[in-house]
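# Structural overview for review
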Amino acid sequence: MRWHFRPGCWLLLISILFIAGCAAPIRVTDQSNQKNSFWSGRLALTVDADQAQSFSAGFELKGNAGTGELSLYNPLGSTLAMLAWAPGSATLRSDNQTRSFDSVDDLVRHATGTVIPVAALFNWLQGINTPVPGWQADLSQLARGRLVARRSMPLPTAELRVALEKQAPQ
């Protein structure tokens, strides 16, 4: 069985799931005292459906769970998709098309049929093992630039692997 997502939505699924892993963050505090971070590297997602599906891409993630931007790249460095979100809005740009949603949760729900724990994903990237029902994040290799998050519920199960680029000392 082949997965059929609406055009550009499979990239969104990968994008949101990818947020679970990234690089050693560079943190900057904005005016609202929310930490903004930057991560980059490669991600791979495997979804265990009737026929397993996998995807990998380079990425850059900026911001925080409330306001941010995620870019996905192919091996040649061309942009595959860009997600941007802020309170009350979320936008997916892919294939010269832009789709707007009221929130990141709405965007994820539209693409995947379920909500992905975006706030917890940012915490995981910062080394905070925030529990989320159905998800298990392995942060044991985060200091070496590796993060793995597994979803057991709801089905189908999924595994996200992230390899972070080393950041220059600040």
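The shown structure was predicted, so the numbers you read here are calculated from the model rather than taken from an experiment. (Residues numbered from 1 in each chain as written. Predicted model: local features only at pLDDT ≥ 70, side-chain atom pairs only at ≥ 80, totals over all residues. Heavy atoms only, no water.)

### A look at the packing of aromatic side chains
Under the defined criterion, the tally for this structure stands at three aromatic pairs. Note on W39 and F122: the rings are 5.6 Å apart at their centroids and 65° apart in plane angle, and the pair reads as edge-to-face. Of the two residues, W39 sits in strand 2 (residues 35-48) while F122 sits in helix 3 (residues 118-125), which places them 83 residues apart along the sequence. W39 sits in the buried class, given a relative accessible area of 0%. Taking 6.1 Å as the distance between ring centres and 50° as the angle between the ring planes, the aromatic pair formed by W124 and W135 counts as tilted. Of the two residues, W124 is situated in helix 3 and W135 in strand 8 (residues 135-138); the sequence distance between them amounts to 11 residues. Assigned by exposure class, W124 and W135 land together as buried. One aromatic cluster in this structure is built from W39, W85 and F122. (Phe/Tyr/Trp six-rings, centres within 6.5 Å; stacked < 30°, edge-to-face > 60°. Helix = DSSP H or I, 4+ residues; strand = E, 2+ residues; numbered from the N terminus. Buried < 20%, exposed > 50% of the residue type's maximum accessible area, 1.4 Å probe, protein only.)

### Remarks on the pairing of strand 6 (residues 89-94)
Residues A90, L92 and S94 of strand 6 are buried on one face, while the alternating residues S89, T91 and R93, pointing to the opposite face, are not. Note that strand 5 (residues 79-86) and strand 6 share six bridges and pair antiparallel. Its bridge partner lying in strand 6, M82 is registered against R93. The antiparallel pairing of strand 5 with strand 6 creates a hairpin that spans two residues between the two strands, and G88 there sits at a positive phi of about 85°. Note that strand 6 and strand 7 (residues 97-101) share five bridges and pair antiparallel. Bridging across to strand 7, T91 finds its partner in S100. The hairpin turn running from strand 6 into strand 7, its antiparallel successor, is two residues long, and D95 in that turn takes a positive phi close to 50°. (Pairing = 2+ DSSP bridges.)

### Considerations on the nonpolar core
Generally speaking, nonpolar side chains in soluble globular proteins are found buried as a group. Formed by 35 residues in total, the largest nonpolar core has its most connected members in L43, F59, L61, L70, W85, W124 and V162. Tallying contributions element by element places helix 3 first for this core, with six residues. (Core = buried A, V, L, I, M, F, W, Y, C linked by side-chain atoms within 4.5 Å.)

### Things to note about the pattern of salt bridges
Within this structure, the stated rule accounts for three salt bridges. The salt bridge partner of R150 is E159, with a shortest N-O separation of 2.7 Å. Residue classification places R150 among the partly exposed positions, given a relative accessible area of 37%. Look at the salt bridges and you will find they share partners, linking R150, E159 and R161 into a network. (Salt bridge = Lys/Arg side-chain N within 4 Å of Asp/Glu carboxyl O.)

Read these as layout, nothing more, since geometry by itself doesn't imply function.
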